[in-house]
Amino acid sequence: MQDRCGIDQYVRSIPDFPEQGIIFRDITSIIQSPEGLKKSIDGIIESIKDVEFDIVVGPESRGFIFGMPVAYMLGKGFVPVRKKGKLPCETIEKEYALEYGTAIVEMHKDAIRPGDKVVIIDDLVATGGTIEAIIQMIESLGGEVVKIQFVMELAGLSGREKLKNYDVDSLIVYDGK
């Protein structure tokens, strides 16, 4: 395990959830701690400080938790990516594979303009499917993904492989699943 910001101590690890052999890495214990929340947000800001970008994109719902304060602190806008049917205006959507079945994410069609440089922020990368779908939507609107930032990464699930053509960073990297 690698932990650049000293936040692993705030991560609650729950064995055998949601199924046998899985260790669930719970971010609620990070965000309920003032120190854990501050260290994680500060760590993300430090990781993207040299990146030139226009907007932060965050997937529902934990990408909102970490992306919004970063956008606020850096004076950037925030674009939410939501589950199908949750956004009120005209949207674009992308279906992606889950372990059992598929899911669809959406974003407003006018949220990204051609030439926008985008940082995607989320809590965790596992298989990378959600972020891959988000990248495809951003690029279809003419945006450029310049950085993908996670709080945690489960390296054993190889999500980084799907994102290999992008600048990907994680504050904590766990070796297993």
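Everything here concerns the structure above.
What you see is a predicted model; the values in this text were computed from it and never measured.

Chemist: Just to check I follow, could you spell out the overall build of the protein for this structure?
Modeler: Of the regular secondary structure elements, the protein holds five helices and 10 strands. The C-alpha radius of gyration computed for the protein amounts to 16 Å, which stays within 12% of the reference 16 Å derived for 177 residues, consistent with globular compactness. Principal-axis analysis of the C-alpha atoms gives the protein an extent of 40 × 35 × 30 Å. Residues classed as buried in the protein amount to 44% of the 177 residues present. Restricting the contact set of the protein to residue pairs at least 6 apart, pairs at least 24 apart contribute 56%. As presented, the protein carries roughly 9,100 Å² of accessible surface, and 50% of it is formed by carbon and sulfur atoms. Within the protein, the 29 negative side-chain charges are centred at a point lying 1 Å from the centre of the 21 positive side-chain charges.

Chemist: Just to check I follow, could you spell out the nonpolar core for this structure?
Modeler: The nonpolar side chains of a soluble globular protein tend to be buried with one another. Grouped together as the largest cluster of nonpolar side chains are 26 residues, with contacts concentrated most on Val 57, Met 107, Ile 112, Ile 120 and Ile 138. The set of elements that each furnish at least two residues to this core consists of β4 (55-59), β5 (77-83), β6 (91-98), β7 (101-108), β8 (117-125), α4 (129-140) and β9 (144-154). With six residues, the top contributor of residues to this core is α4. Contacts of Ile 138, omitting those with residues within four sequence positions, involve Val 57, Met 107, Ile 112, Val 118, Ile 120, Gly 143, Glu 144 and Val 145. Ile 41, Ile 48, Val 146 and Tyr 174 belong to the second-largest nonpolar core, a separate cluster that totals 24 residues.

Chemist: What is the right way to look at the packing of aromatic side chains in this model?
Modeler: Think of a pair of aromatic rings as described by two things: how far the centres are apart, and how the planes are tilted against each other in angle. In this structure the tally under the stated criterion is two aromatic pairs. With a centroid separation of 5.3 Å and an interplanar angle of 90°, the aromatic rings of Phe 17 and Phe 24 are classed as edge-to-face. Residue classification places Phe 24 among the partly exposed positions, given a relative accessible area of 33%. Both rings, one in Phe 64 and one in Phe 78, keep their centres 5.8 Å apart while their planes meet at 85°; by these two values the pair is edge-to-face. Of this pair, Phe 64 sits in helix α3 (residues 62-74) while Phe 78 is found in strand β5, placing the two residues 14 residues apart along the sequence. Note on Phe 64: relative accessible area 23%, which makes it partly exposed. When the ring centre of Tyr 174 is taken as reference, the NZ or CZ atom of Arg 25 above it lies at 3.8 Å. A cation over an aromatic ring shows up here: Lys 76 above the ring of Phe 53, its NZ or CZ 5.0 Å from the ring centre.

Chemist: Would you mind going over helix α2 (residues 34-48) with me for this structure?
Modeler: With 15 residues, α2 should cover 21 Å at 1.5 Å per step; its first-to-last C-alpha distance of 22 Å lies within 8% of that length. Buried residues of α2: Gly 36, Ser 40, Ile 41, Gly 43, Ile 44, Ile 45, Ser 47 and Ile 48, and no others.

Chemist: Mind showing me how you'd approach unusual backbone geometry here?
Modeler: With glycine set apart, most residues show a phi of negative sign, and most peptide bonds adopt trans. Residues Phe 17 and Pro 18 are joined by a peptide bond in cis, for which omega reads 5°. If you trace the backbone, Pro 18 turns up in the loop between β2 (12-15) and β3 (23-26). Ser 61 follows Glu 60 through a cis peptide bond whose omega is -15°. Tracing the chain through its elements places Ser 61 in the loop between β4 and α3. A positive phi angle is found at Asp 16, which is not glycine, with a value near 60°. Looking at the secondary structure, you find Asp 16 in the loop between β2 and β3.

Parameters and conventions
Residues numbered from 1 in each chain as written. Predicted model: local features only at pLDDT ≥ 70, side-chain atom pairs only at ≥ 80, totals over all residues. Heavy atoms only, no water. Helix = DSSP H or I, 4+ residues; strand = E, 2+ residues; numbered from the N terminus. Rg over C-alpha atoms; globule rule 2.2 N^0.38 Å. Buried < 20%, exposed > 50% of the residue type's maximum accessible area, 1.4 Å probe, protein only. Contact = heavy atoms within 4.5 Å. Areas by Shrake-Rupley, 256 points an atom, 1.4 Å probe, with all protein chains shown as cover. Lys, Arg positive; Asp, Glu negative; His and termini not counted. Charge placed at Lys NZ, Arg CZ, Asp CG, Glu CD. Core = buried A, V, L, I, M, F, W, Y, C linked by side-chain atoms within 4.5 Å. Phe/Tyr/Trp six-rings, centres within 6.5 Å; stacked < 30°, edge-to-face > 60°. Lys NZ or Arg CZ within 6 Å of the ring centre and 35° of its normal. Expected span 1.5 Å × (residues − 1).

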